[in-house]
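A structural walkthrough
Residue strings, one per chain:
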Amino acid sequence: MLLDPTNERTILERSLLPRPTTLDGKTVGLLDISKPRGDVFLDRLEQRLTDVGAKVLRFKKPTFTKPAPVDLRHEIATKCEVVIEALAD
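What you see is a predicted model, and the numbers here were worked out from it, not measured in a lab. Position numbers for residues start from 1 in each chain and track the written sequence from start to end. Note on the predicted model: pLDDT of at least 70 is required for a residue's local features to be given, and 80 or more for side-chain atom pairs to be given and counted; whole-chain, interface and lining totals, by contrast, use all residues. For side-chain calculations, the full set of non-hydrogen atoms in the structure is used, while hydrogens and water are omitted.

**Side note on the packing of aromatic side chains**
Classification of ring pairs rests on two measures: the distance between centres of Phe, Tyr or Trp rings, Trp counted by its six-membered ring, which must be within 6.5 Å, and the angle between planes, read as stacked under 30 degrees, edge-to-face over 60 and tilted in between. Scanning all chains against the criterion turns up 0 aromatic pairs. Geometrically, a lysine NZ or arginine CZ counts as sitting over a ring once it is within 6 Å of the ring centre and also within 35 degrees of the ring normal. The lysine or arginine in question, Lys 35, covers the ring of Phe 64, its NZ or CZ lying 5.1 Å from the ring centre.

**Some details on the sheet that holds strand β3 (residues 27–32)**
The strands that make up a sheet pair up through hydrogen bonds in the backbone, lying either parallel or antiparallel. At least two DSSP bridges between two strands are needed for those strands to be called paired. Under the scheme used here, helices are H or I runs from DSSP no shorter than 4 residues and strands are E runs no shorter than 2 residues, and both carry numbers assigned from the N terminus. Taken in spatial order, the 3 strands make up an open sheet running β4-β3-β5, and their pairing is parallel. Each end of this open sheet is capped by a strand with a single partner; those strands are β4 (55–60) and β5 (82–86). Averaged over all neighbouring strand pairs, the angle between strand axes comes to 20°, with direction disregarded. Pairing analysis gives 5 bridges linking β3 to β5, with the strands arranged parallel. Residue pairing in the sheet places Val 28 in a bridge with Val 82 of β5. Helix-sheet contacts for helix α2 (residues 70–79) involve β3, β4 and β5, and the interaxial angle to β4 is about 175°. Lines fitted to C-alpha atoms define the axes, with helix axes restricted to the stretch in contact, and inter-axis angles between N-to-C directions lie between 0 and 180 degrees. Any two residues whose heavy atoms approach within 4.5 Å are treated as being in contact.

Okay, structure coming up:
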């Protein structure tokens, strides 16, 4: 179960989707939320993912202070099978 922290007035529970058994051949989206050094973490992660056969697409939020814009979320959802979000400082 996943709790959505973006709306404290109403608690939303969401079920997790099943994880893929392999990332080989999958398109993985890496979302940089624009916090300092998040790109450093994602650079290393991208290398590890491509080493196991994943295709990696990079995305970046305009600011970490707000949710990703709808058009960015739509682009990620339509292009990626797996998404990893960087929360580094």
